[in-house]
Structure formats: C-alpha cells, structure tokens
Amino acid sequence: MISSPSSLTLDQEALRTNLEFLRKHIGPHPKISSVVKANAYGHGISQFVPLVEKFGIDHFSVFSSDEAYEVCQLISPTTRVMIMGWISKDEIEWAIGRDVEFYVFDIQRLEAAIHASKVLKKPARIHLELETGMNRTGFAKKNLEVALNLIKANPNQIHLSGICTHLAGAESIANYYRIRHQLKRFKTVLSNIESRGFIPEFRHMASSAATLSYPATRMDLVRVGIAQYGFWPSQEIFIDYVRTKQDKNDPLKRVLSWKSRIMSLKDVKEGEFVSYGTTYLATSATRIAVVPVGYANGFSRSLSNQGRVLIRGYRVGVIGLVNMNMMIVDVTKIPDVEQGDEVVIIGKQDDMEISVASFSEISNQLNYELLARLPLEIIRSQIK
Ligand SMILES: *Cc1c(COP(=O)(O)O)cnc(C)c1O
C-alpha cells in the first residue's frame with residue numbers, strides 16, 4: 001500500500017450543483033463547454049471528465065492536443081472536444097480523423113488543416129479566432145481576409161464550427177471598457193463575416209467571469225472553467241452576483257478537497273525564528289505543526305506566512321516560508337492537537353471551509369494557479 005502525504009477528493013454533488021446553477025443562470029440556449037485544461041484545473045482529467053459528461057455536458061475545451069487525446073479516451077463518440085491552443089502540424093490529421101475541433105488563429109495552421117483534410121477526404125472542424133483587443137492569438141484584419149478567402153476556396157475542407165475570441169480579464173471591473181470594446185469589435189467583425197456567407201455553428205467569447213457577469217457575451221456557447229469547479233473568478237464577480245439577490249449564500253460549491261495530516265508537533269520558545277531564514281519570529285511560546293505539503297506538492301511558496309489551513313475545526317495560519325515538501329502552521333490555540341490530525345488545505349472541516357476566500361485575500365489569480373499546479377501524482381478519489 002502506497003501512502004501519499006496528501007490526497008484529493010472530488011465531490012460529485014457539488015459539481016452537479018454548480019452545473020445546475022450555471023444552466024439556470026444562463027438560460028437554456030448557450031451550450032456549456034467544460035474547460036478542462038491544466039489537468040482539469042488540478043482536479044484530474046480522468047476523474048473529472050466522466051463526471052461532467054454524466055451530468056449532461058457534451059462539449060469539452062482543452063488547451064493542447066495531448067489533453068484532447070486524454071479526454072477522447074474518456075468520452076462518448078458524440079461528445080465534442082475543442083483545442084483552444086497548441087496542436088502541432090503533425091497532429092492535425094489525428095484531430096480531423098477523430099472530429100476534434102481546434103482553434104485556427106494563423107494562416108499556417110489553416111493551410112495545414114486544408115492540406116490534412118484533403119489527405120483524409122474529411123473536413124476539418126475549426127474555430128476561427130478573432131483578435132479583438134487581448135493581443136494574444138487571433139486573426140487581425142489583414143490576415144482575416146486571407147483566411148476567409150482560403151476557406152471560401154476550400155468549402156469541402158473546412159467546416160466552420162465556431163467563430164470566437166477571448167476577453168482580456170472580464171473578472172475585473174478595471175477592465176470594463178476594454179471588455180465592452182472587445183464585445184463591440186467582435187460583433188462588428190462577426191456580422192461582417194456572416195454577411196458574406198460564413199455562418200459558424202457557434203459564436204463564443206465568454207469564460208466564467210463573462211458568463212456570470214456579461215450576459216451579452218454568452219452567445220451560442222460559454223467556455224466555463226473555474227466556476228464549474230466551484231470557485232468565483234474573482235470576489236468582484238461574486239459581489240456582482242449576490243448584489244441583486246435576497247439569498248446572499250454562495251451558490252457555487254467547491255468540488256475539490258485537499259487534505260493532509262500533521263506529521264510532527266513541536267514547541268518553540270519566545271524569540272525563536274521558525275523555518276528557513278528570519279521571516280517568522282515567535283513573539284510568544286508557540287506550538288507548531290509540520291504538514292508534509294510544500295511547493296513541490298502544489299502549495300505555492302507565495303503562501304508563506306499567508307496561507308490558512310483547517311485543523312480540528314480551527315482556521316490556523318502558515319508561518320514562515322513554505323518549504324519544498326513541508327509547511328509549518330501555528331497550532332498554539334488548538335487544545336489536544338495531535339500528530340496525525342487531519343489538515344484541510346482546500347475544503348470543509350466541521351462547519352468551517354477553506355475556499356477561494358483564504359487565497360483571494362492575497363490574489364484571486366492564486367486560486368487558478370494553485371489549482372492548476374496540483375501535481376499529477378497526488379491520488380484523486382471521489383465521494384457521493
Ligand atoms: C481558460 C480559458 C477559459 C476558461 O476560463 P475560466 O476563467 O476558468 O472560466 C475560457 N476560454 C479560454 C480561451 C481559456 O483559455
């Protein structure tokens with residue numbers, strides 16, 4: 001029997017709740033694409049994807065072809081997979097053969113798709129990505145014309161599954177004008193393209209934040225990542241949501257729990273430093289617990305002297321620097337604390353919960369990063 005210093009558990013009922021909430025919030029029309037890049041935000045593609053599919057989702061978005069390959073092993077043949085980023089030229093034939101859809105944002109990839117489609121005698125299912133102001137990937141005006149001409153000249157090679165773009169930070173009100181501008185730009189270019197006879201199956205631009213806060217961006221499909229896992233993209237989006245509601249409770253439920261145990265306990269005298277260096281000074285007699293989870297296990301070093309965990313129903317703080325495989329927490333206030341006690345890093349203990357909030361005090365982005373960096377090898381299991 002192999003034991004690991006920490007473990008992850010997925011809560012099916014939480015996932016069901018989140019998907020039902022999203023569906024109710026956006027209404028019946030837009031298709032929901034479940035974004036499962038970065039190993040399903042650390043939840044584990046192989047554990048997470050079958051659950052989502054069981055709850056009725058038939059569209060998945062990934063960043064790269066290796067992730068698409070993994071998702072394809074898990075889903076029914078009619079469920080769709082969309083690559084939003086990396087696919088090598090050599091893999092395009094595989095994608096077309098397997099009906100995997102992929103973003104096209106430059107002429108090289110479009111030409112490769114047309115070429116591969118001719119070889120296979122089967123159309124490539126592409127999503128034409130437009131540049132609207134993020135300045136990352138996407139066709140700007142000049143190349144868009146070249147692309148449209150190529151598509152027009154190869155009607156049997158290209159199936160226009162989508163026309164899409166990506167917003168540059170819809171989770172923050174600071175980006176409000178930029179987002180409005182992107183929406184306007186997308187609509188203008190889209191109607192121009194459509195008036196020339198290029199009609200996509202799906203028009204899409206919204207990730208979780210836009211899905212939740214900008215109804216006009218929902219269009220035919222929403223690409224939902226963080227929200228399905230039960231985290232708000234930012235505190236602002238949550239406030240924007242509850243503002244108009246009687247019930248101020250959080251409708252999203254965290255799917256993931258991350259737990260470990262106390263490996264060792266120790267008493268430290270007043271005036272001693274704890275962990276590497278001098279970032280934490282015990283200003284009184286302190287009882288510390290060592291938890292076998294560090295930055296190599298996905299607990300960011302930037303949570304040094306900042307992170308929180310739950311032990312015996314108490315919320316306690318990380319003290320000193322997070323080490324590679326360990327962190328140290330202050331358990332002075334917990335009576336009867338013992339070696340082997342459960343440590344909750346994400347999730348519930350009694351009626352306490354460590355959720356987005358404990359990290360968002362520092363930065364919401366840390367949520368995405370922390371989840372995405374949960375190592376592949378942590379054992380993932382399922383409840384309910
Ligand atoms: C990651 C990603 C999403 C999902 O973002 P969330 O904020 O997690 O919902 C949507 N679209 C694209 C292009 C992405 O890269």
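Cut-offs applied
Residues numbered from 1 in each chain as written. Predicted model: local features only at pLDDT ≥ 70, side-chain atom pairs only at ≥ 80, totals over all residues. Heavy atoms only, no water. Axes fitted to C-alpha atoms, helices over the stretch in contact; angles between N-to-C directions. Helix = DSSP H or I, 4+ residues; strand = E, 2+ residues; numbered from the N terminus. Parallel < 35°, antiparallel > 145°, perpendicular 65-115°, else oblique. Left-handed = near helix turned anticlockwise from the far one by under 90°. Contact = heavy atoms within 4.5 Å. Nonpolar A, V, L, I, M, F, W, Y, C, P; charged D, E, K, R; others polar. Disulfide = S-S within 2.5 Å. Buried < 20%, exposed > 50% of the residue type's maximum accessible area, 1.4 Å probe, protein only. Pairing = 2+ DSSP bridges. Core = buried A, V, L, I, M, F, W, Y, C linked by side-chain atoms within 4.5 Å. Domains from an automatic or database assignment. Near = heavy atom within 4 Å. Polar contact = N/O pair within 3.5 Å; in protein donor to acceptor, adjacent residues only side chain to side chain. Areas by Shrake-Rupley, 256 points an atom, 1.4 Å probe, with all protein chains shown as cover. Phe/Tyr/Trp six-rings, centres within 6.5 Å; stacked < 30°, edge-to-face > 60°. Lys NZ or Arg CZ within 6 Å of the ring centre and 35° of its normal. Buried area = accessible area lost by both parts, 1.4 Å probe. Salt bridge = Lys/Arg side-chain N within 4 Å of Asp/Glu carboxyl O. Expected span 1.5 Å × (residues − 1). Arc of directions from axis to C-beta. Patch = residues over 30% accessible without salt bridge, like charges linked within 9 Å, V, L, I, M, F, W, Y side chains within 5 Å.

**Comments concerning the packing of helix α1 (residues 12-26) against helix α3 (residues 45-54)**
(1) Moving on: One can describe the packing of α1 onto α3 by two numbers: an axis separation of 10 Å at closest approach and a directional angle of 50 degrees. In terms of orientation, α1 lies oblique with respect to α3. The way α1 lies across α3 gives a crossing that is right-handed. Between α1 and α3, the residues in contact are Q12, L15 and L19 and F48, L51, V52 and K54, respectively.
(2) Moving on: Per-class residue counts for the contact of α1 with α3 are five nonpolar, one polar and one charged.

**Focus on the state of the cysteines**
(1) Moving on: Taken as a whole, this structure holds zero disulfides when the rule is applied.
(2) Moving on: For C72, which is in no disulfide, the shortest distance to another cysteine sulfur is to C164 and amounts to 18 Å.
(3) Moving on: Overall, C164 belongs to the buried group, its relative accessible area being 0%.

**Here's the deal with the sheet that holds strand β11 (residues 264-268)**
What links the strands of a sheet is backbone hydrogen bonding, and the strands pair in either a parallel or an antiparallel sense.
(1) Moving on: Taken together, three strands build an open sheet; the order of strands is β11-β12-β15 and the sheet is antiparallel. Every other strand in the sheet has two partners, leaving β11 and β15 (327-330) as the edge strands with one partner each. Here the strands of the sheet are splayed against their neighbours by 30 degrees on average, with no regard to which way each runs.
(2) Moving on: Note: strand β12 (residues 286-291) against β15, four bridges, orientation antiparallel. Among the inter-strand pairings, I288 is bridged to a residue of β15, identified as D330.

**Overview of the nonpolar core**
(1) Moving on: Counting residues in each nonpolar core, the largest one holds 114 residues, and the members touching the most others are F102, I126, W258, I311 and V329.
(2) Moving on: The residues that make up this core include at least three from each of domain 1 (8-242) and domain 2 (256-383).
(3) Moving on: Among residues more than four places away in sequence, those in contact with V329 are R287, I288, A289, V291, V309, I311, V316, G317, V318 and I319.

**As for the site of the ligand**
(1) Moving on: Around the ligand, the surrounding shell consists of V35, K37, Y41, M84, H166, S207, S208, R223, V224, G225, I226 and Y368.
(2) Moving on: Side-chain polar atom of Y41 to an oxygen atom of the ligand: 2.5 Å apart, as the coordinates give it.
(3) Moving on: Within the contact set of the ligand, an oxygen atom lies 2.9 Å away from a backbone nitrogen or oxygen of G225.
(4) Moving on: Against a free-state accessible area of 390 Å², the protein chains account for coverage of 90% of the ligand.

**A few points about the side chain of S64**
(1) Moving on: Within the element layout of this structure, S64 appears in the loop between β3 (59-62) and α4 (65-72).
(2) Moving on: Exposure remark for S64: the relative accessible area of 8% places this residue in the buried category.
(3) Moving on: Within the structure, S64 has its side chain in polar contact with the side chain of D66 (distance 2.5 Å).
(4) Moving on: Apart from the residues lying within four places of it in its own chain, the contact partners of S64 are I83 and W86.

**Topic: the packing of aromatic side chains**
(1) Moving on: Tallied over the entire structure, the rule returns 11 aromatic pairs.
(2) Moving on: We note K245 situated over the ring of Y241; from NZ or CZ to the ring centre the distance is 4.5 Å.
(3) Moving on: Directly above the aromatic system of F231 lies the positively charged group of R254, at a separation of 5.9 Å from the ring centroid.

**Section: the domain arrangement of the chain**
(1) Moving on: For the chain, the assigned domains read domain 1 (8-242) and domain 2 (256-383).
(2) Moving on: Each side of the interface is counted separately: domain 1 has 20 residues, and domain 2 has 20 residues.
(3) Moving on: In total, about 2,000 Å² of surface goes out of reach between domain 1 and domain 2, with carbon and sulfur atoms giving 58% of it.
(4) Moving on: Counting the surface domain 1 buries against domain 2, the share from its top three residues, L8, T9 and F231, is 38%.
(5) Moving on: Put simply, domain 1 and domain 2 have zero salt bridges between them.
(6) Moving on: Linking domain 1 with domain 2 are eight residue pairs in polar contact (both at pLDDT 80 or more).
(7) Moving on: Looking at the side of domain 1 that touches domain 2, the elements that each hand over two or more residues are β1 (6-11), α2 (37-41) and α3.
(8) Moving on: Per-element tally for the side of domain 1 that touches domain 2: the top contributor is β1, with four residues.
(9) Moving on: Its residues assigned to classes, the side of domain 1 that touches domain 2 comprises nine nonpolar, nine polar and two charged.

**Topic: helix α7 (residues 141-153)**
(1) Moving on: Taking 1.5 Å per residue, 13 residues should reach 18 Å; α7 reaches 19 Å between its end C-alpha atoms and fits that length.
(2) Moving on: Here α7 has its buried residues at L144, A147, L148, L150 and I151. Summarising the axial view, the buried residues of α7 lie within an arc of 160 degrees, below the 170-degree limit, and thus occupy one face. When the buried face of α7 is taken as reference, the exposed residues oriented beyond 90 degrees from it are K142, K152 and A153.
(3) Moving on: Buried residues in α7 make contact with α6 (107-120), β6 (124-129), β7 (158-164) and α8 (176-195).

**What to know about the sheet that holds β6**
(1) Moving on: Taken together, the eight strands give a closed barrel; going around it, the order is β2-β3-β4-β5-β6-β7-β8-β9, and neighbouring strands pair in parallel fashion. Ignoring strand direction, the axes of neighbouring strands in this sheet form an average angle of 30 degrees.
(2) Moving on: Of the strand pairs in this sheet, β6 and β7 are connected by six bridges, and their pairing is parallel. Within β7, the residue paired with E129 across the bridge is C164.

**Digging into a nonpolar patch on the surface**
(1) Moving on: A contiguous nonpolar surface patch, about 380 Å² in accessible area, is contributed by I173, Y176 and Y177.
(2) Moving on: Structurally, the position occupied by Y177 is in helix α8.

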